[in-house]
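Secondary and tertiary structure notes
Below, each chain spelled out in residue letters.
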Amino acid sequence: MNKTYGKLIGASLGPGDPELITRRSWAVLQSGARWIYPVKKAEEVSYALSIVERGGLPIPGDAVELVFPMTRDAEALGKAWVRAAQQTVELLGEGRDLVFLVEGDASTFATFGHLARVVRELVPEIEVETIPGVSSFAAAAATTGMPLAEEDETLAIIPTAYGTGVIDHMLDEFDTLILLKVKPLLDEVIELLERRGLLETSCFIEKVGSPEERVIRDLASLKGATVNYLSLLLVQNPKRERGELRRGCRRRKEAQEAAAA
Ligand SMILES: C[S@@+](CC[C@H](N)C(=O)[O-])C[C@H]1O[C@@H](n2cnc3c(N)ncnc32)[C@H](O)[C@@H]1O
């Protein structure tokens, strides 16, 4: 007889403020689905779980942690991923839905996408649902009052590990940059922003929406400081020179006139 698998649900919880958990995620958390949540080490505190706890939901006794180590050792990482995916498939094989708790948005640099893909490779009939949510940078923009993009502006989101050479180049191409995972290269990036005269239009945000949230506008004061992994930089470049725009939304008459000219 064919096994009936539960559904795998990626529930975005927003970046820290439980008020930013969507109604859909909130409902799924209370639907009787079994909770699973990611940690970097066994029995470590889970940031995603802490958001829900602060929202006032008790953690079910049968919630399961999945370990995703933060390592560049490809072999260790590969093994951990296979273990996590197999564990997920086993739990789904009990027939109950699983809700995977995701900090921020589940489709943005999140473990969930990869996990869901590996699980589907193992058992293609497993159904997956992704509940969208508020990303860290959407919340950071709102908190700091720095709009991410207006009118014809361009916006890019990049992991800081690409390095200051790439970031320097991107500053010529985009009006706003969102630099994620900024911790290891923070000093180098601050020096770059200093050289480009962009310190005043940049902002550092750590653990946005949580009780430990920090917003630092005086970036020079952060040089040499240790910051949390959950931190990002919003960088606006008002000096960027823009190219010409081709307007797809031009009214037909204007477009015909332009074509005839
Ligand atoms: C693996 S990515 C996760 C992104 C997340 N899924 C989202 O939608 O924002 C981790 C990086 O996102 C940023 N980040 C995530 N949560 C944050 C928070 N609460 N405050 C500031 N930055 C955060 C940091 O740059 C961190 O290094």
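Going along each chain's sequence as written, the residues are numbered from 1 onward. Note on the predicted model: pLDDT of at least 70 is required for a residue's local features to be given, and 80 or more for side-chain atom pairs to be given and counted; whole-chain, interface and lining totals, by contrast, use all residues.

Helix and strand counts for the chain come out as eight helices and 10 strands. With the C-alpha coordinates aligned to their principal axes, the bounding extent of the chain is approximately 70 × 55 × 40 Å. Buried positions account for 33% of the 261 residues belonging to the chain. By the convention adopted here, residues make contact when the C-beta atoms placed from their backbones lie within 7 Å. Considering only contacts within the chain whose residues lie at least 6 apart along the sequence, 71% involve residues at least 24 apart. Secondary structure elements follow DSSP: runs of H or I of four or more residues count as helices, runs of E of two or more count as strands, with numbering from the N terminus. Buried means a residue has 20 or more other C-beta atoms within 10 Å of its own C-beta, exposed means 12 or fewer, and partly exposed covers the counts in between; C-beta atoms are placed from the backbone.

By definition, a residue lies near a molecule or strand when the C-beta atom built from its backbone is within 6 Å of it. Near the ligand lie 22 residues; those nearest to it are P15, G104, S135, S136 and L180. Looking at the shell around the ligand, the elements that each hand over two or more residues are β8 (202-206) and β10 (231-236). Composition of the shell around the ligand by domain shows at least three residues from each of domain 1 (8-131) and domain 2 (136-236). Note that domain bounds follow an automatic or database assignment of domains.

Take the domain arrangement of the chain next. For the chain, the domain assignment lists domain 1 (8-131) and domain 2 (136-236). For domain 1 versus domain 2, the separation of C-alpha centres amounts to 27 Å. Each side of the interface is counted separately: domain 1 has eight residues, and domain 2 has nine residues. For this classification, Asp, Glu, Lys and Arg are treated as charged, while Ala, Val, Leu, Ile, Met, Phe, Trp, Tyr, Cys and Pro are nonpolar and the rest, including Gly, are polar. Looking at the side of domain 1 that touches domain 2, its residues break down into four nonpolar, three polar and one charged.

Across soluble globular proteins, nonpolar side chains have a tendency to be buried as a group. In these notes, a nonpolar core means any group of buried Ala, Val, Leu, Ile, Met, Phe, Trp, Tyr and Cys residues linked to one another through C-beta atoms within 7 Å. Counting 62 residues, the largest nonpolar core has A11, F100, L101, L179, L232 and L234 as its most contacted members. Domain assignment of the residues forming this core places at least three in each of domain 1 (8-131) and domain 2 (136-236). Setting aside residues up to four positions removed in sequence, F100 forms contacts with L8, I9, G10, A11, I36, F112 and L115.

The next subject is the pairing of β10. Most of β10 is tucked away, with six of its six residues classed as buried. Side chains of β10 alternate between two faces, with S231, L233 and V235 and L232, L234 and Q236 buried alike. When strand β7 (residues 176-180) meets β10, the two strands line up antiparallel, connected through four bridges. The residue of β10 that forms the bridge with L179 is L233. Of the pairings in the sheet, the one linking β8 to β10 comprises five bridges and is antiparallel in character. Paired with S202 across the bridge in β10 is V235. Pairing between two strands is assigned when DSSP locates at least 2 bridges connecting them.

Strand order in this open sheet of five strands is β6-β7-β10-β8-β9, and the pairing throughout is mixed. Of all strands in the sheet, those with a lone pairing partner are β6 (155-159) and β9 (214-216), marking the two edges. Across this sheet, the average inter-strand angle for adjacent strands is 15°, counted without regard to direction. In this sheet, β7 lies alongside β6 in parallel orientation, the contact comprising five bridges. Bridge pairing in β7 links L155 to T176. Helix α5 (residues 136-144) rests against β6, β7, β8, β9 and β10 of the sheet, and its axis sits at about 60° to β10. For every element, the axis is a line fit to its C-alpha atoms; helices are fit only across the contacting stretch, and the angle between N-to-C directions ranges from 0 to 180 degrees. Contacts from helix α6 (residues 164-173) reach β6 and β7 within the one sheet, and its direction differs from that of β7 by about 155°.

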